[in-house]
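# Report on the structure
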Amino acid sequence: MSRRRRRGNIQRIRQRNRRVLLMAVLMCFIVWMGTVNINKQQKKEEAKAAYAEQQKKEEAEKKSEKEEPKLVLADENEKKQWYLRLVNADNPMTEADVPEVATETVDSGGYQVDARIMDDLEDMFAAARADGRSPMICSAFRSWDTQVSLYQNKISRVMNEDGLDEEDAAIKAATVVAKPGTSEHQVGLALDIVSSEYTNLDEGQMQTEDQKWLIENCWKYGFILRYPPDKSDITGVIFEPWHYRYVGKKAAKEITEQNLTLEEYLGAEPVGDPTEDL
């Protein structure tokens, strides 16, 4: 074979090898680009799925917030304030626990309250009178001895009227008159307020214009209806449309707007239905 032919063959082989190499590089590039595109597409799909999941979660949260608004409750610092002290059957006071209360006389009836609530109380009654209403106080601060006397008298009446023994009579009496140490009257923050046109302590109070005004407006002055209807299983006290409790203006507004009891606002455990043992 001539030298010229051999050189021609070598050139063709080299050209062929370059084409093969080029083809191989091209194939590798195509495979790499395909892998990159697949990864990009996969990441894109993952991002879309994550976004859709986030949107779904946010929509669910918005729906939940719309259906069940988050309650505004007392924070830990507020719970320590004197005007939010919780007194009930699950949080009783001994005679030694009852705080010393500086009282002031409210009106000519001689009723007294914690002196710190006097301004708001007087403002509430002044506003009621300005609107043509005439509510009146029939009970306010009570000493330990007074509460003991009221409770014992109620037990005696129940024994005579219902023929119950003292133990059962005491259970029934406690649904109406608080046991000593469990009454808010003993800390000077509670008042029984009735209509001047209807003085009975019963549900008839709800029909009076004086009581309707108080229920609608008392929160503006820091008071709440302490034992509302359909909440006895929480408060441990029967519905009393005459018993008002001072809790301060901020708490009164939040409690009223959210239809809460003081127990719920403070995050306390429900006391239980007071009549379930009868």
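Here we summarise the structure given alongside this text.

Definitions and limits used
Residues numbered from 1 in each chain as written. Predicted model: local features only at pLDDT ≥ 70, side-chain atom pairs only at ≥ 80, totals over all residues. Heavy atoms only, no water. Pairing = 2+ DSSP bridges. Helix = DSSP H or I, 4+ residues; strand = E, 2+ residues; numbered from the N terminus. Axes fitted to C-alpha atoms, helices over the stretch in contact; angles between N-to-C directions. Contact = heavy atoms within 4.5 Å. Phe/Tyr/Trp six-rings, centres within 6.5 Å; stacked < 30°, edge-to-face > 60°. Buried < 20%, exposed > 50% of the residue type's maximum accessible area, 1.4 Å probe, protein only. Lys NZ or Arg CZ within 6 Å of the ring centre and 35° of its normal. Salt bridge = Lys/Arg side-chain N within 4 Å of Asp/Glu carboxyl O.

## What about the sheet that holds strand β3 (residues 135-139)?
Spatial strand order, β3-β4-β6-β5: four strands in an open sheet with antiparallel pairing. The open sheet is flanked by β3 and β5 (223-227), the only strands paired with a single partner. Averaged over all neighbouring strand pairs, the angle between strand axes comes to 45 degrees, with direction disregarded. Against the sheet, helix α3 (residues 118-130) engages β3, β4 (190-195), β5 and β6 (240-246), with an angle of about 140 degrees to β3.

## Examining the packing of aromatic side chains
Throughout the structure, instances matching the rule amount to three aromatic pairs. Seen in terms of ring centroids, Trp 82 and Tyr 246 are 6.2 Å apart; in terms of plane orientation they differ by 15 degrees. Their pairing is stacked. In this pair, Trp 82 is assigned in the loop between α2 (76-79) and β1 (103-105) and Tyr 246 in strand β6, connecting sequence segments 164 residues apart. A relative accessible area of 30% places Trp 82 in the partly exposed class. Classification of Tyr 246 by relative accessible area gives buried; the value is 7%. A ring pair is formed by Phe 223 and Tyr 246, whose centres lie 5.1 Å apart and whose planes are at 75 degrees; its orientation type is edge-to-face. Taken together, the positions of Phe 223 in strand β5 and Tyr 246 in strand β6 put the pair 23 residues apart, joining distant regions of the chain. Comparing Phe 223 with Tyr 246, the two get one shared label, buried. Taken together, the ring pairs in this structure connect Trp 82, Tyr 83, Phe 223 and Tyr 246 into an aromatic cluster. The ring of Trp 82 is capped by Arg 116, whose NZ or CZ atom sits 3.9 Å from the centre of that ring.

## Section: unusual backbone geometry
Despite not being glycine, Asp 230 has its phi angle at roughly 65 degrees, a positive value. Residue placement: Asp 230 occurs in the loop between β5 and α7 (232-235). Asp 230 sits in the exposed class, given a relative accessible area of 76%. One non-glycine residue, Asn 259, lies in positive phi territory at about 55 degrees. With respect to the helices and strands, the residue Asn 259 is situated in the loop between α8 (249-257) and α9 (262-266). Note on Asn 259: relative accessible area 54%, which makes it exposed.

## Some words on the pattern of salt bridges
Tallied over the entire structure, the rule returns 14 salt bridges. Linking Lys 249 and Asp 120 is a salt bridge whose minimum nitrogen-to-oxygen distance equals 3.6 Å. With a gap of 129 residues between them, Lys 249 in helix α8 and Asp 120 in helix α3 connect regions that are remote in the sequence. Here Arg 133 ties to Asp 210 by a salt bridge, and the two come within 3.0 Å at their closest N and O atoms. Taken together, the residues span a long stretch of sequence, with Arg 133 in the loop between α3 and β3 and Asp 210 in helix α6 (residues 209-217) at a distance of 77 residues.

Honestly, it's all geometry; don't read function into it.
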